[in-house]
Amino acid sequence: MSVFILRRLMQSALVMVAMAVIVFFGIHLIGDPVWMFVSPDMDQQDIEEVTRALGLDRPIWEQFGYFVLSALQGDLGTSFIFGEPALGLIIERMPATLELAFTALLMAVAFGIPLGLYAGLYPDSAVSKAIMAGSILGFSLPTFWVGIMLIMVFAVILGWLPSTGRGDTVDLFGVPVSFLTLDGLKHLLLPAFNLALLKISLVIRLTRAGTREAIHQDYIKFARAKGLSTRRIIGVHLLKNILIPVVTVLGLEFGSLIAFSVVTETVFAWPGMGKLLIEAIQQLDRPIIVAYLIMIVFLFVVINLIVDILYSILDPRVRLGDRGA
Amino acid sequence: MKRCNLLLRSVAAAAVVGAAGFSAPALAEDLTIAVGAEATSIDPHFHNLGPNNQLGFQIFDRLANPDERQNFEPGLAVSWAPIDDTTWEFKLREGVKFHDGSDFNADDVICTFERAPNVPNSPAGFSTYTKGKTFVKVDDYTVHVKTDAPYPLMVNDLGNVAIVSNETGCDASTEDYNSGKAAAGTGPYKFVEYVPGDRIVLAANHDYWGEKPTWETVTIKPIKSGPSRVAALLAGDVDVIASVPTTDIETLKGRDDVTLSQGVSNRVIYLHIDQFREASPFVKANGGGDIKNPLMDKRVREAISKAISRELIRDRVMEGLSIPAGQLLPEGFFGVSENLKPDAYDADAAKALLAEAGVPDGFELTIHGPNDRYVNDAKIVEAIAQMLTRVGIKTQVETLPRSVYFSRASSGADGLPEFSLILVGWGAGSGEASSPLRALIATNDKDKGMGTANRGRYSNPEVDKVIEEALAEVDDEKRAGLLAKATEMAIGDYAIIPVHYQVNTWASRKGLKYIPRTDEYTVAYGVVKE
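Model, not experiment: these values are computed from the prediction.

Participant: Honestly, the overall build of chain B in this entry has me stumped. Any pointers?
Facilitator: Helices and strands together make up the secondary structure of chain B, namely 16 helices and 20 strands. A compact globule built from 530 residues would reach a C-alpha radius of gyration of about 24 Å, and chain B, at 24 Å, matches this within 12%. If one aligns the C-alpha atoms of chain B with their principal axes, the spans along those axes are about 70 × 65 × 40 Å. Considering only intrachain contacts with a sequence separation of at least 6, the fraction spanning at least 24 residues in chain B is 68%.

Have a look at this one:
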């Protein structure tokens, strides 16, 4: 298994290098970032000065060489607009995003699996039909609109929850987290639910489909014949078998929860990485964009690795071996 | 956006009850402000950028502080005057203390102007305002500033630079400011806390030398999304919001728990016209053939100006939030002309002018504009295109994100502006007419540092002469006259076509109002109780 993990990590290094090349050169095609930074009062000489100071007057291959050299020393560049190391800025905002993504994932599982199980076991009941209709809505409504709706209903009309921002934080092992304070939880609820909505719908559908398929299989019938309690049949035998596709999909989706929570973070003014990324894109803060994407690639690789390991735990028939990908 | 606005309208009535019933109003002494753009640093010299300056206005003072109309009021200098052709004397305020307890005197001024242009990693610093000037300490409360030539805009320049303390601020790094270690100014509010992306907290400086601060604690939250900002106000989470989206203004007007504050800005939205090359990249003859650039003909430019109905843009696109423009700065600013009025819409005259210029059937044109920079920018471009098409200039529209737009509009592949007709805005940072004149109208000349943003490359030596004369004229009255004259000459040439001045809107909960600023900044001391 350690060989497997090592091989995986080496492959991921290759992917990250490829990503760095594509992003670095791709982003240079967009525009000249200097025009994003200069103040209107500056004259041409000032503007040239800025270009020189940021190293943007150098040919692109030279800039890339410099980037690679620093990257090898663990420095992914200095943000143009903050003047601080790009990686540091991303990591500084990471706890907020991770907290949001984990809460959303938790919600997806906590709501998705029971609802999906119910809809799969009693497909003809009115409640199941309502669940399925709801999941279609969850799929098709655009995130930014749902976000604004949630704010309007729960913050503006009902006044139960705060509209935007992150609540009070406390340090947990040196990392500021907000889910341990009441104020923090209140702030967390709406954005996490907004982010989770699509995933909840996804899990409902996956669980329902799995349940519908598994419920008619022989091992379930056999378990029934053996006289096992319904609770044990569903809770152990059925659930364990339908969880594999759910775990796969959630693993992949978790990556996208972290990487692309941009919309939710913008609507809820959540101080996470997504908000940092979108602002970096708008202002052509190249170092942040490059560092962010490289980091996300790494994240996806790690998550996939964890999913593979989880597989082998859930299904002993799966062996972690040298299967290439 | 559309849908959320519909929702805002439909729930407006219910929300009045809801907001009043559940959300506890903030304590009278505390204030929470939501702004659209976040400051990138607490260091006032790190980046000469709107959001950073607006934050700096509250923590730091300048030698002269711009008021809400950008008139320079005595700040840390009590008076200033030129004592000879090349020397300005600044008398400093006595008895002022920095937030860290140290005394303010001439040493702070001298070291501030050494630090301001030399901040490491700064994407665009303050050298613009300090270069060519030598700062000399005469005594503890007198500073002389020397230049090579007469320099009338001394206060406008120095009024942009925040004064920091020589004990803690001058040798500090940007990180020291962000952590709060060095963030001591003399301003009405003290720095308390900076959580990037989430909030900046300030506290009242009770020892402030000027008008005492109204608010005990001020929390500034960046909420980028317009509808979210409005929702945060309606939910009672914030007390004041900046940059209210134009589409929500009607709704907010109808509510009696919200106060709107509106004021004209120093920003003119205008068209720059390619008038320096015979083959303009986005001008074609009818049917797509090549044509000698008709925009070089003044009559064609005049026709474009007359074809635009500024009133219609104000009423339909801007929801009333613009003032039709006939020059570079709105009424009341230093150096504006009293004779210039916005061109009236006259399609027939426009057609006649086109015929006179030899293009009676018009031509084909693409107009470019940003879609994320100014209020309703893309919509304005679309409206203008339709108006031009109506008089025979068949106009296509292309709008771009500002990250792509400005670099292409300023210097394309060959280093020249890439477009033929563009929509741009200009905010006069100095608060008077020389700022747009030297940047937009003067001939593009790198050595003189003129015409930096002259993306149409209009060039008229006579106008240049008047502008240069004005920039060296120390007598205020004469200078104002020269600036007005240069403006009249340039607008008479249709060097640019002004469209409108932006009107900005702030919204606050009942009981508060905001004193609108022409520089568009949102500052805590501008929030007053009604």
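Participant: Looking at this structure, how should I read the overall build of chain A?
Facilitator: Per the secondary structure count, chain A includes 13 helices and two strands. Along the three orthogonal principal directions, the C-alpha set of chain A runs to about 85 × 55 × 35 Å. Across the 325 residues in chain A, those meeting the buried criterion constitute 42%.

Participant: Teacher, can you tell me more about the confidence of the model for chain B here?
Facilitator: Interpreting fine coordinate detail is not advised for predicted regions of low pLDDT. When pLDDT is averaged along chain B, the result is 91; 95% of the residues meet or exceed 70. In the model, residues 1-27 of chain B has pLDDT below 50 throughout and makes 45 contacts with residues more than four positions away in sequence or in other chains.

Participant: Please clarify how the UniProt feature "transmembrane region" (unreviewed entry) in chain A should be interpreted in this entry.
Facilitator: Residue and element names in this part refer to chain A. When the UniProt feature table is mapped onto this chain numbering, "transmembrane region" (unreviewed entry) sits at residues 12-31, 100-121, 133-161, 188-207, 242-269 and 289-314. Along residues 12-31 one finds 80% helix and 0% strand; the C-alpha atoms at either end are 30 Å apart. The span residues 289-314 is 100% helical and 0% strand by assignment, and the distance between its end C-alpha atoms comes to 37 Å.

Participant: Please clarify how the sheet that holds strand S5 (residues 87-92) of chain B should be interpreted in this entry.
Facilitator: As a general point, the strands of a sheet are linked pairwise by backbone hydrogen bonds and lie either parallel or antiparallel. Residues and elements named next belong to chain B. The four strands lie next to each other as S4-S5-S7-S6, forming an open sheet whose pairing is antiparallel. The sheet is open, and its two edges are formed by strand S4 (77-84) and strand S6 (134-139), each paired on a single side. Strand-to-strand twist of the sheet, defined as the mean angle between neighbouring strand axes without regard to direction, takes the value 25°. In the sheet, S4 pairs with S5 via six bridges, with the strands oriented antiparallel. The partner of Ser79 across the bridge, within S5, is Lys91. Against the sheet, helix H3 (residues 106-115) touches S5, S6 and strand S7 (142-146), its axis set at about 170° to S6.

Participant: How should the interface of chain A and chain B be read in this particular structure?
Facilitator: Accessible area lost during the coming together of the parts is what is often quoted as the interface size. With 49 residues of chain A in contact, the opposing surface of chain B contributes 55 residues. Put simply, the parts of the chain that give the side of chain A that touches chain B at least two residues each are helix H2 (34-37), helix H3 (44-53), helix H5 (86-121), helix H7 (143-157), helix H11 (262-267) and helix H12 (273-282) of chain A. Examining the composition of the side of chain A that touches chain B, we find that eight residues originate from one element, H7(A), more than from any other. When its residues are assigned to classes, the side of chain A that touches chain B shows 28 nonpolar, 13 polar and eight charged.

Participant: Just to check I follow, could you spell out the environment of A:Leu69 for this structure?
Facilitator: Residue and element names in this part refer to chain A. With respect to the helices, strands and loops of the structure, Leu69 is situated in helix H4 (residues 60-72). According to the C-beta neighbour criterion, Leu69 is exposed, with 10 such atoms within 10 Å. In this structure the C-alpha to C-alpha distance between Leu69 and Pro191, which are 122 residues apart in sequence, comes to 39 Å.

Participant: Looking at this model, I keep getting lost on the pairing of S6(B). Mind explaining?
Facilitator: Remember that side chains alternate between the two faces of the sheet whenever the strand is regular. Residues and elements named next belong to chain B. Of the pairings in the sheet, the one linking S6 to S7 comprises five bridges and is antiparallel in character. Counterpart to Asp139 in the pairing with S7 is Thr142. In textbook terms, the turn of a hairpin is the stretch between consecutive antiparallel strands, and for S6 and S7 this stretch comprises two residues.

Participant: Even after reading the chapter, I still don't get unusual backbone geometry, so can you show me in this structure?
Facilitator: Leaving glycine aside, a negative phi is the common case for residues, and trans is the common case for peptide bonds. Residues and elements named next belong to chain B. The residue Gln70 is not glycine, and still its phi comes out positive at about 65°. When you line up the elements, Gln70 lands in the loop between strand S2 (64-66) and strand S3 (72-74). Residue Tyr494 is not a glycine yet carries a positive backbone phi of 55°. Secondary-structure assignment places Tyr494 in the loop between helix H16 (476-492) and strand S18 (496-509).

Participant: I tried to follow the packing of helix H8 (residues 182-214) of chain A against helix H10 (residues 230-259) of chain A on my own but got confused; where do I start?
Facilitator: Residue and element names in this part refer to chain A. Contact geometry for H8 and H10: axes closest at 9 Å, N-to-C directions at 155°. Taken together, the axis directions place H8 and H10 in an arrangement best described as roughly antiparallel. Viewed along their axes, H8 and H10 form a crossing whose handedness is right-handed. Between H8 and H10, the residues in contact are Leu195, Lys199, Leu202, Val203, Leu206, Thr207, Gly210, Thr211 and Ala214 and Leu238, Asn241, Ile242, Pro245, Val246, Val249, Glu253 and Leu257, respectively. For the contact of H8 with H10, the residue count by class is 11 nonpolar, four polar and two charged.

Participant: Can you walk me through the UniProt feature "domain: Solute-binding protein family" (unreviewed entry) in chain B in this structure?
Facilitator: Listed under "domain: Solute-binding protein family" (unreviewed entry) in the UniProt record, and renumbered for this structure, are residues 72-444 of chain B. Structurally, residues 72-444 of chain B is divided into 27% helix and 24% strand, and its ends, taken at the C-alpha atoms, are 29 Å apart.

Participant: What am I meant to see in the nonpolar core here?
Facilitator: Across soluble globular proteins, nonpolar side chains show a tendency to be buried alongside one another. A:Ala291, A:Tyr292, B:Ala231, B:Ile241 and B:Ala524 are the most contacted members of the largest nonpolar core, which totals 151 residues. Looking at which element gives the most residues to this core, the answer is H5(A), with 15 residues. If sequence neighbours within four positions are ignored, B:Ala231 has contacts with A:Ile148, A:Ile151, A:Met152, A:Ala155, A:Val156 and A:Ser163. Residues B:Leu271, B:Ala307, B:Ile308 and B:Leu400 belong to the second largest nonpolar core, which totals 76 residues.

Participant: Just checking my understanding: could you explain H3(B) for this structure?
Facilitator: Owing to its 3.6 residues per turn, the α-helix brings residues three or four apart onto one side. Among the residues of H3(B), those classed as buried are B:Ala106, B:Asp108, B:Val109, B:Thr112, B:Phe113 and B:Arg115. For H3(B), the secondary structure elements touched by its buried residues are S5, helix H4 (127-130), S6 and S7 of chain B.

Participant: Looking at this model, I keep getting lost on the pairing of strand S16 (residues 394-400) of chain B. Mind explaining?
Facilitator: In the sheet, strand S15 (residues 364-370) of chain B pairs with S16(B) via seven bridges, with the strands oriented parallel. Residue B:Glu364 lies in a different strand from S16(B), and its bridge partner there is B:Lys394.

Participant: Which parts of the structure should I look at to understand the environment of B:Ala428?
Facilitator: Residue and element names in this part refer to chain B. Position of Ala428 among the secondary structure elements: in the loop between strand S17 (421-427) and helix H14 (434-441). Each C-alpha atom of the pair Ala428 and Asp519 lies 8.0 Å from the other, and the pair is 91 residues apart in sequence. With sequence-adjacent residues up to four places away left out, Ala428 is seen in contact with Asn266, Leu329, Ser435 and Pro436.

Participant: Is there a simple way to think about the environment of A:Val262 in this case?
Facilitator: Residues and elements named next belong to chain A. Relative to the elements of secondary structure, Val262 occurs in helix H11. In sequence terms Val262 and Glu99 are 163 residues apart; their C-alpha atoms lie 14 Å from each other. Discounting residues that sit within four places of it in the chain, Val262 has contacts with Gly274, Leu277 and Ile278.

Participant: Please clarify how the packing of H5(A) against H8(A) should be interpreted in this entry.
Facilitator: All names here are of chain A. Viewed as axis vectors pointing N to C, H5 and H8 meet at an angle of 35°, and their least axial separation amounts to 6 Å. Considering only the axes of H5 and H8, their crossing is right-handed. The residue makeup of the contact of H5 with H8, split by class, is 21 nonpolar, six polar and five charged.

Here is what the cut-offs are and how they apply
Position labels on residues start from 1 in each chain and follow its written sequence. All chains are assigned letters beginning with A, and all ligands numbers beginning with 1, in the order in which they are written. In view of the model being predicted, local features appear only for residues whose pLDDT reaches at least 70, and side-chain atom pairs are presented and counted only at 80 or more, with totals across whole chains, interfaces and linings using the full set of residues. We count a stretch as a helix when DSSP gives it H or I for four or more residues in a row; a strand needs E for two or more, and each element gets its number in order from the N terminus. Here the globule rule is a power law, 2.2 Å times the number of residues to the power 0.38, and the radius of gyration is based on C-alpha atoms. Two residues qualify as a contact pair if the distance between their C-beta atoms, derived from the backbone, is within 7 Å. Each residue is classed by its C-beta neighbour count within 10 Å, where at least 20 other C-beta atoms makes it buried, 12 or fewer makes it exposed, and intermediate counts make it partly exposed; the C-beta atoms are placed from backbone geometry. Per-residue confidence from the predictor is reported as pLDDT, a score between 0 and 100. UniProt positions are given in the numbering used here, feature names are shortened, and annotations may be inferred rather than shown by experiment. The pairing criterion for strands is at least two bridges between them, as found by DSSP. Axis definition: a line fitted to C-alpha atoms, over the contacting stretch in the case of helices. Angles run 0 to 180 degrees between N-to-C directions. Each residue receives one of three labels: charged for Asp, Glu, Lys and Arg, nonpolar for Ala, Val, Leu, Ile, Met, Phe, Trp, Tyr, Cys and Pro, and polar for the others, Gly being one of them. Small angles under 35 degrees read as roughly parallel and large ones over 145 as roughly antiparallel, with 65 to 115 read as roughly perpendicular and the rest as oblique. Note on convention: near helix rotated counterclockwise from far helix by under a right angle means a left-handed crossing. Clockwise means right-handed. To count as a nonpolar core, a set of buried Ala, Val, Leu, Ile, Met, Phe, Trp, Tyr and Cys residues must be joined through C-beta atoms within 7 Å.

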